[in-house]
Amino acid sequence: MMHIKERMAVLLLVLAAMLPMRLSAQVNPKAGYILTNDNDTVQGTIDYRMGKRNAQECLFKAEGAQQFVTYKPGDIKGYRLTDNGAFYVTRTFAVNGVAQTFFAEYLLKGGVSLYYYAADDGSNYYIFEGEDGKTGLMRERNFRDYDGEEIRDLRRNDMNSVSQVFIKSNETVEQLWKTDYNRKELTNITRRYSERYCTDAGDCVQFEYDQHKTAAFAARLYLGLGFKAGSVKPKYFKHESNSTLSFSAFMPHLSAGCDVLLPRMSQHFMLQALMDLGYMNVSKGQYRLKGCTLETQWGVAYRFLLDRKVSPLVRGGVSFNHLLGSSHENMQDISGGNRQNMDIDFGFYLGVGADVNIGRQLLRLTVNYEYSSSLGLFNIMAYESLCTSAVSVGAGVVF
């Protein structure tokens, strides 16, 4: 039987092996091409990602090449998919008063052009550009998340810049004031304005976007740490009064896992898998129980207010727990004291938390209630089981 240190070493290797999951899971090869700064078109394959990754970089493999090459904004003029028309171009715009260069998704080309930008901090923007070079910016929002006064203030701030682009039509500005901020509505309003007031610019060109041809899923890696505090009750150990032992426990742990996003179905919903490796050393009077704790969680999470810096979330699912390399003291002569090995315990968890945008990563904070008890898989082998009821607090980074 492996010692505790050996078991921990094996588990750490398993956790390290999870690191490539994020890289391999997000590969979504699509036929496309890049536009070089010399105006050459190079055909090949684009690894089409999601949201802000499309704005940060283009992973491209030319026809006949063996490896993908990463292009940053400015390295090329742009890139485009040939199967659904999604088109990204290098542009420099002022966002919140700061000039930034990125790959902007080209939604509409016309007298007034429309772009979409997914920023590092999780905010998404629509950018309008007129023939005279004037620009206006709207931050994508779900106005159902705001009260009436907030909505008026936000729209008024947006209209201050956007109205300068649509200066020829008060009707268009009024439509923008009332509409939801989504690509369909904004594209239609911009197209109608260009066709009526910017006839010298020629016909508008809309670059179609087909969500069903984007990635079906994407995986993100989570690494963190935390602790659990609660009660631990061995199922079979009894002390002199033949009552169940109950230990108060404080258990630190390291965590590794992944989120599986399903963008075709929902931007808010995701699947989660998590592995916690911790340590328990509890005592009550003369009795002591210790060992390494291994827990795996399998569940779902739902995130709110994705357009804000802090996005609350709720989560829940099932868990499997096991105490590795367990040992006990002064229990040999009491009922159940001959049970040297541990059963696998089954339970559930429910929790709340928040994702905080910190640039290209997320800081995740969670608080969960966890309960587990015996599955009874190894009762015939006289294995011990633990009934655990605890509150866990965790913090980590989502990559």
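Details of the structure are given in the entry above.
Everything numeric here is computed off the predicted structure, so don't read it as measured data. (Residues numbered from 1 in each chain as written. Predicted model: local features only at pLDDT ≥ 70, side-chain atom pairs only at ≥ 80, totals over all residues. Heavy atoms only, no water.)

Asker: Is there a simple way to think about the overall build of the protein in this case?
Answerer: Across its full length, the protein carries 6 helices and 19 strands. Taking all 399 residues of the protein together, the buried fraction comes to 46%. Taking the contacts inside the protein whose residues are at least 6 apart along the sequence as the reference set, 59% of them involve residues at least 24 apart. In the structure as shown, the protein presents an accessible area of about 19500 Å², 55% of it carried by carbon and sulfur atoms. (Helix = DSSP H or I, 4+ residues; strand = E, 2+ residues; numbered from the N terminus. Buried < 20%, exposed > 50% of the residue type's maximum accessible area, 1.4 Å probe, protein only. Contact = heavy atoms within 4.5 Å. Areas by Shrake-Rupley, 256 points an atom, 1.4 Å probe, with all protein chains shown as cover.)

Asker: Would you mind going over the nonpolar core with me for this structure?
Answerer: Soluble globular proteins tend to pack their nonpolar side chains together in the buried interior. The biggest cluster of nonpolar side chains holds 23 residues, and the ones touching the most others in it are Leu114, Tyr126, Phe128, Met138, Phe166, Leu176 and Leu186. Considering each element in turn, this core owes the most residues, 4 residues, to helix H4 (residues 148-165). When near neighbours in sequence (up to four residues on either side) are disregarded, Phe128 contacts Val112, Ser113, Leu114, Lys134, Thr135, Gly136, Met138, Val162, Val165, Phe166, Leu186 and Thr190. Counting residues in each nonpolar core, the second largest holds 15 residues, with Val95, Ala104, Ala119 and Leu137 among its members. (Core = buried A, V, L, I, M, F, W, Y, C linked by side-chain atoms within 4.5 Å.)

Asker: Explain the pattern of salt bridges here, please?
Answerer: Two side chains that carry opposite charge are able to pair once their charged atoms sit near each other. Inspection of every chain in the model, using the stated rule, returns 13 salt bridges. Between Glu149 and Arg152 there is a salt bridge, and its shortest N-O distance comes to 2.7 Å. Placement of the pair is Glu149 and Arg152 together in helix H4, with a separation of 3 residues, close to one helical turn. Among the residues examined, Arg152 registers a relative accessible area of 40% and is labelled partly exposed. (Salt bridge = Lys/Arg side-chain N within 4 Å of Asp/Glu carboxyl O.)

Asker: Please explain unusual backbone geometry as it appears in this structure.
Answerer: Leave glycine aside and you will find that most residues have negative phi; peptide bonds, for their part, are mostly trans. The phi angle at Asn39 is positive, at roughly 70 degrees, despite the residue not being glycine. With respect to the secondary-structure elements, Asn39 resides in the loop between strand E1 (29-35) and strand E2 (41-47).

Asker: In this structure, what is going on with the pairing of strand E6 (residues 87-95)? I would like to understand it.
Answerer: As paired elements, strand E5 (residues 78-81) and E6 share 3 bridges and run antiparallel to each other. Its bridge partner being in E6, Tyr79 is matched across the sheet by Tyr88. For E6 and strand E7 (residues 98-109), the ladder comprises 8 bridges, and the chain directions are antiparallel. Counterpart to Thr92 in the pairing with E7 is Thr101. Linking E6 back to E7 in an antiparallel pair, the connection comprises 2 residues, with Asn96 at a positive phi of about 55 degrees. (Pairing = 2+ DSSP bridges.)

By themselves these figures say nothing about function.
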